[in-house]
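# Geometric and topological summary
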Amino acid sequence: MDRDLRLTAVGRRYGIRGPWVLRGVDLVVAPGTLTRIEGTNGSGKSTLLRLLARLDAPSEGRISGRPRTAYVPERFPSALPFTAAGCLTHLGTVHGLGREAAARAADTWLERLGAGAYAGTPMARLSKGSSQKVTVAQALLADPELLVLDEAWTGLDAAARTELERAVAERTAAGGAVVFVDHDPCRLAGTPDAVYTVTDGGLRRRTDPPGAPSGPVTVVTVRAAPGGRLPPDAVRIAVSAEETAPGRRRLAVPASHSDTVLRALLTARPPWHVVSVEPPSHDPQHPDPGSRP
Amino acid sequence: MTAPLRYQADLLLRSQRWLPPVILYAAFLGVGVQSGQPVLGSLGYTAAGLLPVAAWLVRICVTAEPPAARACVAAARGPARAHLACLLTALLVAVLLGLVATVVVTLISDPMSDGHRVPVPRLRAAAAGLPAALVCALLGTAVGALTSRPVLRSRGRAVPALLLGALLAVVSAGSPAQAAVSALVTGSRTGRAPVPLLPPAGAVLLTAAAFAAAGRLVARRSP
């Protein structure tokens with residue numbers, strides 16, 4: 001099974017004589033990478049994501065590779081005649097899980113996204129944000145090899161937004177590829193392996209280090225066992241890793257990826273000892289860390 | 001393939017959109033079939049009426065799912081398979097409906113030919129009627145597949161095309177459905193009830209071709 005998704009000179013237009021929405025797009029999405037797609041409204045971002053999710057066939061060019069894909073559309077309809085949990089169980093089996101595993105995963109993900117209380121609520125009665133949580137959950141149920149997020153964060157509350165960022169970090173750490181579009185420039189800032197801009201129907205890789213703000217950073221101080229080396233995952237994700245004393249490192253990691261880095265450090269052979277973890281100073285989740293019990 | 005099928009079947013069942021075509025079919029049979037009429041003629045009527053109902057069921061299955069939910073399923077299974085699940089669900093429901101209608105009509109009808117001349121055993125009649133119903137269910141879903149998304153996307157064109165296609169499939173010479181239905185009607189006159197073989201084979205091939213064509217088109221013409 002080819003897990004690399006490869007677009008070669010891909011173009012897409014709607015209708016036989018319609019204008020080209022995208023043309024000459026070359027893109028490789030490798031396992032374990034996080035890719036951000038940027039562009040103005042109507043530039044063709046969603047079209048590109050639909051091509052990547054293999055929902056649409058290219059009008060010209062070739063797409064090869066067929067990873068197990070999950071897709072989060074911009075809006076999810078509440079017009080489905082199921083309860084939230086029932087809908088997720090169905091979609092979980094469609095994603096290849098057994099019925100029981102799907103039901104369990106549905107519960108887990110609704111709980112993680114803070115919608116556990118709505119498991120038995122009919123989709124038609126869910127709020128916009130809650131039905132968006134169902135959409136996000138369906139994509140994460142079966143640990144997809146490729147996760148395509150089309151403004152998946154829109155409409156989620158702050159806790160669910162953070163949880164989705166964490167889920168993305170987990171997916172990439174587990175070897176899955178994630179491609180996302182989001183209008184917030186701080187979304188997962190500093191962590192994408194590649195950022196592409198869709199302009200004039202073409203795709204351009206943004207190579208310049210983004211002057212844009214690098215999102216909230218968690219500072220992790222760790223001590224090595226004798227002869228310990230930083231695990232490659234931690235090195236890749238960390239924004240900086242200064243050696244404060246012999247065998248002692250101070251890692252600045254994007255807040256969304258702190259769990260992933262800690263897991264990598266603690267499961268390294270030999271494991272690292274975590275001395276301290278300082279939450280980001282401007283974490284929207286905890287605006288005032290000092291007042292917490 | 002069972003997971004998307006179960007999902008689609010549950011979606012159809014819970015959406016209750018299957019009610020109008022099923023009620024219409026029941027009304028059609030209620031008007032045209034009376035107990036004590038010659039069995040083969042009634043079975044021909046039953047089969048012919050099933051064809052537009054099957055086409056309508058396809059239209060319901062293909063349009064019921066909101067586009068975003070469809071995209072989620074298509075990402076997981078591929079758009080062609082997701083679409084195939086819709087078509088197969090409609091086909092299964094149509095076959096089930098045809099089966100029930102054929103059994104009921106066989107039981108309430110008179111096991112004789114026209115004019116009470118030649119006896120037609122009920123089992124023999126059912127053996128001729130069931131394949132005819134199957135042919136009509138198959139061709140109806142084929143017509144439905146070729147006259148709804150992704151082939152025809154505007155409702156203004158799709159609905160007239162569906163009605164015209166269903167009518168042509170029932171009446172035009174050379175159509176397996178016409179062959180199967182007219183074999184029953186002729187059989188009712190002569191009292192002989194041959195089990196049709198060629199029409200089901202033709203219907204299976206035509207329907208498979210229609211499903212394949214719709215499946216190939218679905219990724220090219222979305223959303």
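See the structure printed just above.
First, a word on scope: everything that follows refers to the structure included in this document. If you're wondering where the values come from, they're calculated on a predicted model, not measured in any experiment.

About the criteria used
- Residues numbered from 1 in each chain as written.
- Chains lettered and ligands numbered in written order.
- Predicted model: local features only at pLDDT ≥ 70, side-chain atom pairs only at ≥ 80, totals over all residues.
- Heavy atoms only, no water.
- Helix = DSSP H or I, 4+ residues; strand = E, 2+ residues; numbered from the N terminus.
- Buried < 20%, exposed > 50% of the residue type's maximum accessible area, 1.4 Å probe, protein only.
- Contact = heavy atoms within 4.5 Å.
- Areas by Shrake-Rupley, 256 points an atom, 1.4 Å probe, with all protein chains shown as cover.
- Lys, Arg positive; Asp, Glu negative; His and termini not counted.
- Charge placed at Lys NZ, Arg CZ, Asp CG, Glu CD.
- Axes fitted to C-alpha atoms, helices over the stretch in contact; angles between N-to-C directions.
- Parallel < 35°, antiparallel > 145°, perpendicular 65-115°, else oblique.
- Left-handed = near helix turned anticlockwise from the far one by under 90°.
- Expected span 1.5 Å × (residues − 1).
- Phe/Tyr/Trp six-rings, centres within 6.5 Å; stacked < 30°, edge-to-face > 60°.

Quick look at the overall build of chain B now. Tallying secondary structure elements over chain B gives nine helices and zero strands in all. Secondary structure of chain B in N-to-C order comes out as α-α-α-α-α-α-α-α-α. Projecting the C-alpha coordinates of chain B onto the three principal axes gives extents of approximately 60 × 35 × 30 Å. Across the 223 residues in chain B, those meeting the buried criterion constitute 50%. Residue pairs at least 24 apart in sequence account for 83% of intrachain contacts in chain B once pairs closer than 6 positions are excluded. With the model as given, the accessible surface of chain B reaches about 9,700 Å², and the carbon-plus-sulfur share is 71%. Separation between the mean location of the 19 positive side-chain charges and that of the 4 negative ones in chain B comes to 14 Å.

Time to look at the packing of helix 6 (residues 122-146) of chain B against helix 9 (residues 198-218) of chain B. Residues and elements named next belong to chain B. Relative to each other, helix 6 and helix 9 sit at 20 degrees, their axes nearing to 9 Å. Accordingly, the angle class assigned to the pair helix 6 and helix 9 is roughly parallel. The element helix 6 and its partner helix 9 pack so that their crossing is left-handed. Of the residues in helix 9, those in contact with Pro131, Val135, Leu138, Leu139, Thr141, Ala142, Ala145 and Leu146 of helix 6 are Pro199, Pro200, Ala203, Val204, Leu206, Thr207, Ala210, Phe211 and Ala214.

The first and last C-alpha atoms of helix 7 (residues 155-171) of chain B sit 24 Å apart over 17 residues, in line with the 24 Å expected at 1.5 Å per residue. Buried residues along helix 7 of chain B sit against helix 3 (39-64), helix 6 and helix 8 (176-190) of chain B.

Take the packing of aromatic side chains next. One pass over the full model with this rule turns up three aromatic pairs over all chains. A centroid spacing of 6.0 Å and a plane angle of 35 degrees characterise the contact between Phe82 of chain A and Tyr7 of chain B, whose relative ring orientation is tilted. With Phe82 of chain A in the loop between strand 5 (69-72) and helix 2 (84-94) and Tyr7 of chain B in helix 1 (residues 2-15), this residue pair bridges two chains. Assessed through its relative accessible area of 3%, Phe82 of chain A is described here as buried. Between Trp153 of chain A and Phe180 of chain A, the aromatic rings sit 5.6 Å apart at their centres with planes inclined by 70 degrees, giving edge-to-face as the arrangement. Separated by 27 residues along the polypeptide, Trp153 of chain A in the loop between strand 6 (146-150) and helix 5 (158-173) and Phe180 of chain A in strand 7 (residues 177-181) bring together distant segments of the chain. Considered together, Trp153 of chain A and Phe180 of chain A belong to a single accessibility category, that of buried residues.

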